[in-house]
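Single-letter residue listing:
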Amino acid sequence: MTVMGAGESAKYSCARLNDICEVVLDLDEKYNIERKKFGVVTPTDINYFKSVLSEDRVLTDESEVMPFNIDWIKNCRGQSQVVLKPKTVEEVSQILTHCNAKKLAVCPQGGNTGLVGGSVPVFDEIVLSLALMNKIISLDEISGSLVCEAGCILENLEQHAKEHNLIMPLDLGAKGTCHIGGVNNFEDILKLYRSAKLSLGEILSAFEMADAAAIDACVSSLKLTNPISSYPFYVLIETHGSNETHDSEKLGGFLEQEMASGLILDGTVSSDPNKIHAMWTLRESISTAVLLDGYVFKYDVSLPLKDYYKLVPKLKQRLGPTARRVCGYGHIGDGNIHINVSIPAYDKRTLEMLEPFIYEEVAKLDGSISAEHGIGFRKPHYIHYSKDATSLQLMKDIKQLMDPNGILNPYKVLPD
Ligand SMILES: Cc1cc2nc3c(=O)[nH]c(=O)nc-3n(C[C@H](O)[C@H](O)[C@H](O)COP(=O)(O)OP(=O)(O)OC[C@H]3O[C@@H](n4cnc5c(N)ncnc54)[C@H](O)[C@@H]3O)c2cc1C
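Residues numbered from 1 in each chain as written. Predicted model: local features only at pLDDT ≥ 70, side-chain atom pairs only at ≥ 80, totals over all residues. Heavy atoms only, no water.

A. Here's a closer look at the nonpolar core. Phe 186, Ile 189, Phe 207, Met 209, Phe 297, Ile 337 and Ile 339 are the most contacted members of the largest nonpolar core, which totals 53 residues. Residue contributions to this core peak at 7 residues, all from helix H6 (residues 186-200). (Core = buried A, V, L, I, M, F, W, Y, C linked by side-chain atoms within 4.5 Å. Buried < 20%, exposed > 50% of the residue type's maximum accessible area, 1.4 Å probe, protein only. Helix = DSSP H or I, 4+ residues; strand = E, 2+ residues; numbered from the N terminus.)

B. The sheet that holds strand S12 (residues 266-270), seen in detail. One open sheet accounts for 7 strands, arranged S12-S9-S11-S10-S14-S15-S13; its pairing is antiparallel. Two strands close off the open sheet at either side, each with one partner strand: S12 and strand S13 (295-302). Between one strand and the next, the sheet's axes are offset by a mean angle of 15°, whatever the strand orientation. Both strand S10 (residues 204-211) and strand S11 (residues 233-239) contribute to a ladder of 7 bridges, which runs antiparallel. Paired with Phe 207 across the strands is Ile 237, a residue of S11. Packing against the sheet, helix H9 (residues 273-284) makes contact with strand S9 (177-183), S10, S11, S12, strand S14 (325-331) and strand S15 (336-343), and its axis sits at approximately 50° to S9. (Pairing = 2+ DSSP bridges. Axes fitted to C-alpha atoms, helices over the stretch in contact; angles between N-to-C directions. Contact = heavy atoms within 4.5 Å.)

C. Molecular detail of the domain arrangement of the chain. Structurally, the chain comprises domain 1 (15-129), domain 2 (135-170) and domain 3 (177-286). Just the C-alpha atoms count here: the centres of domain 2 and domain 3 sit 28 Å apart. (Domains from an automatic or database assignment.)

D. Up close: the environment of Glu 187. Mapped onto the fold, Glu 187 is located in helix H6. With a relative accessible area of 48%, Glu 187 lands in the partly exposed category. C-alpha separation for the pair Glu 187 and Phe 38, spaced 149 residues apart in sequence, amounts to 52 Å.

Here it is in structure tokens:
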């Protein structure tokens, strides 16, 4: 990597990897971005970081740093040469004060499972890993509030809460009663959702949908078991109320009614934790399974329910045989659909067929270009499809106030 004096500007070659790391393409070629005029880390900076942290919490060895440079879906690779692993707020504060004074750019990183390239550096930003800030500070059993540091892993918090007979509200594989059913067309899913809201009311805790191509990825690539026959669409319904007898009566009534009406063609119900876990595993493994197709373009958009599934067939038609798989799955309740398009290996032509087309279509349907995965590195240039100029200016003003030198996670979220 070129080493530059502070304040100089040059193009760094950032890399884009495919799954098996055979092809390396320049991010600046794809996104046409240039490194901003930040400082460059010097041996003096490294010595300073070592004086604040212990030596083993300043990583500079290439093989140790590499995993922090690559994102979970292997879409983006940065070129950081330093990872810092603070354990306390004071250490974070000292690091950031130093970086701000020297105009050194910083990329904060948690579990590095983000899906929009926000968690990895774009050029040579210092990675500030929060992984060692993993202390649970307190758990108030009366109010049910838990205070913890930023690096706590969700599963560990879940376990801790469980020991106190509490649950983490972010627990996706939640307990309760689970039902997976087969449905013939998307209109029926919407009818079923309306009916579930009416019949199950407050005990309805999840209503997830996946199409056949999504479930097929789990079955064929991960060898997971689909507990029912093959259908064009699947829904996973979970209830979680306070009175088990009352809840199962309600769920039973709802299922009976909709099997009779023909909205649900097939299904399986369980309150056995192992079976519930297996059903959620099927739903939650879709993302991983599609990755095994080769290269995946992932979109996480929200759309009005009446148009929720419209883009999937539209993209299938647009891409034709180019795509290995186009599938849709997501949380119906908040209008959030994950659209995944897989191809054997990264190819710029396919990208150009997808973007900005998909965002234009989302805007036409009054949707949002990002539902829950955020904007990160991959969407700043499309944010205007969902946010007007006034909102963007307000966001920029807030960022400027909090981070006047723009050292915190540059190139992400807000366009220049
Ligand atoms: C298999 C899979 C399933 C997923 N399912 C869902 C889902 O159902 N719903 C959903 O919303 N998302 C889902 N996601 C994406 C989700 O956004 C991330 O997995 C998760 O929220 C990111 O947490 P992380 O600790 O890995 O953060 P990272 O990926 O490390 O970082 C994400 C962003 O936050 C910043 N950041 C991280 N920590 C800090 C900090 N302490 N201070 C300031 N900034 C910080 C990073 O710089 C980056 O911009 C899924 C991802 C995967 C891989």
